[in-house]
Amino acid sequence: MKKLICIATVASLVLACNSKKEEQITTPENEKTVTKTNERFNKTSVFEGVLPCADCSGIKTTLKIDADYGVAQNNRFELITVYQGKEPEKEFSEKGNFNIERGLDNDPDGTIYVLNWDQPLEKQIYYGYYSANPEKIYLLDRDRKIIKSELNYFLTKRK
């Protein structure tokens, strides 16, 4: 009987140590629900819009940002584009890693996402937002600056 109690105690301790503790946390209004798992925060944001296109009616763009605020190497993105007005319309999807930089133009608290930061410069893509308006993310040029144009080079956050 003592062996059985001892085995049951050890088994419950092992199971308790291996289980992940998970709780839902609601963040400020402009944020979505965040899952807290073993002191790590994961948050997915989705931005959508139609970017200008030289030889089509527009590039429907969806940017999914999956940020892991505990481990930077786990920051993942998916960029989905559809060239509208082309026959047949094809969907292109690119997945990879991103890094976060602080400071956009004159806003030191602005945020820049460097997509494919672990790739050569010519494969990197830059998006950024001002701290006062995180709902609107801009496609940036190679110098990490907002593209100055009458056309819309931004995506808006899906609610």
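Residues numbered from 1 in each chain as written. Predicted model: local features only at pLDDT ≥ 70, side-chain atom pairs only at ≥ 80, totals over all residues. Heavy atoms only, no water.

Chemist: Help me understand unusual backbone geometry, please; the structure alone is not making it clear to me.
Modeler: The bulk of non-glycine residues show a negative phi, and the bulk of peptide bonds are trans. Of note, the bond from Glu-87 into Pro-88 is cis; its omega dihedral lies within 30 degrees of zero at -10°. Mapped onto the elements of the fold, Pro-88 is located in the loop between β5 (76-84) and β6 (91-104). Despite not being glycine, Asp-105 shows a phi value in the positive range, around 55°. Locating Asp-105 in the fold gives a position in the loop between β6 and β7 (107-115). Positioned with a positive phi, Arg-144 is a non-glycine residue whose angle comes to about 65°. (Helix = DSSP H or I, 4+ residues; strand = E, 2+ residues; numbered from the N terminus.)

Chemist: Where do I start with the state of the cysteines in this structure?
Modeler: A disulfide bridge is the covalent bond that connects two cysteines by way of their sulfur atoms. By the definition in use, this model includes 1 disulfide. With a sulfur-sulfur separation of 2.2 Å, Cys-53 is cross-linked through a disulfide to Cys-56. Looking along the S-S bond of the Cys-53-Cys-56 disulfide, the torsion reads about 125°, which is the right-handed sense. (Disulfide = S-S within 2.5 Å.)

Chemist: Explain the confidence of the model for the chain here, please?
Modeler: Where the model shows low pLDDT, its predicted coordinates should not be examined in detail. Across the chain, the average pLDDT comes to 80, with 72% of residues at 70 or higher. Mean pLDDT values for the elements of the chain range from 42 in strand β1 (residues 22-25) up to 98 in strand β10 (residues 154-157). Ignoring residues within four places in sequence, the model shows residues 3-39, a span with pLDDT below 50, making 35 contacts including any to other chains. (pLDDT = per-residue confidence, 0-100. Contact = heavy atoms within 4.5 Å.)

Chemist: How should the pattern of salt bridges be read in this particular structure?
Modeler: Think of it this way: side chains of opposite charge can pair up when their charged atoms draw near. Counted by the stated rule, this structure contains 5 salt bridges. Notably, a salt bridge pairs Glu-48 with Arg-158, separated by 2.7 Å at the nearest N-O pair. Separated by 110 residues along the polypeptide, Glu-48 in strand β3 (residues 40-51) and Arg-158 in the segment after β10 bring together distant segments of the chain. As a salt-bridge pair, Lys-64 and Glu-78 come within 4.0 Å of each other at their nearest N and O atoms. Here the residue Lys-64 occupies a position in strand β4 (residues 58-68), and Glu-78 occupies one in strand β5, the gap between them amounting to 14 residues. Judged by relative accessible area, which is 31%, Lys-64 ranks as partly exposed. (Salt bridge = Lys/Arg side-chain N within 4 Å of Asp/Glu carboxyl O. Buried < 20%, exposed > 50% of the residue type's maximum accessible area, 1.4 Å probe, protein only.)

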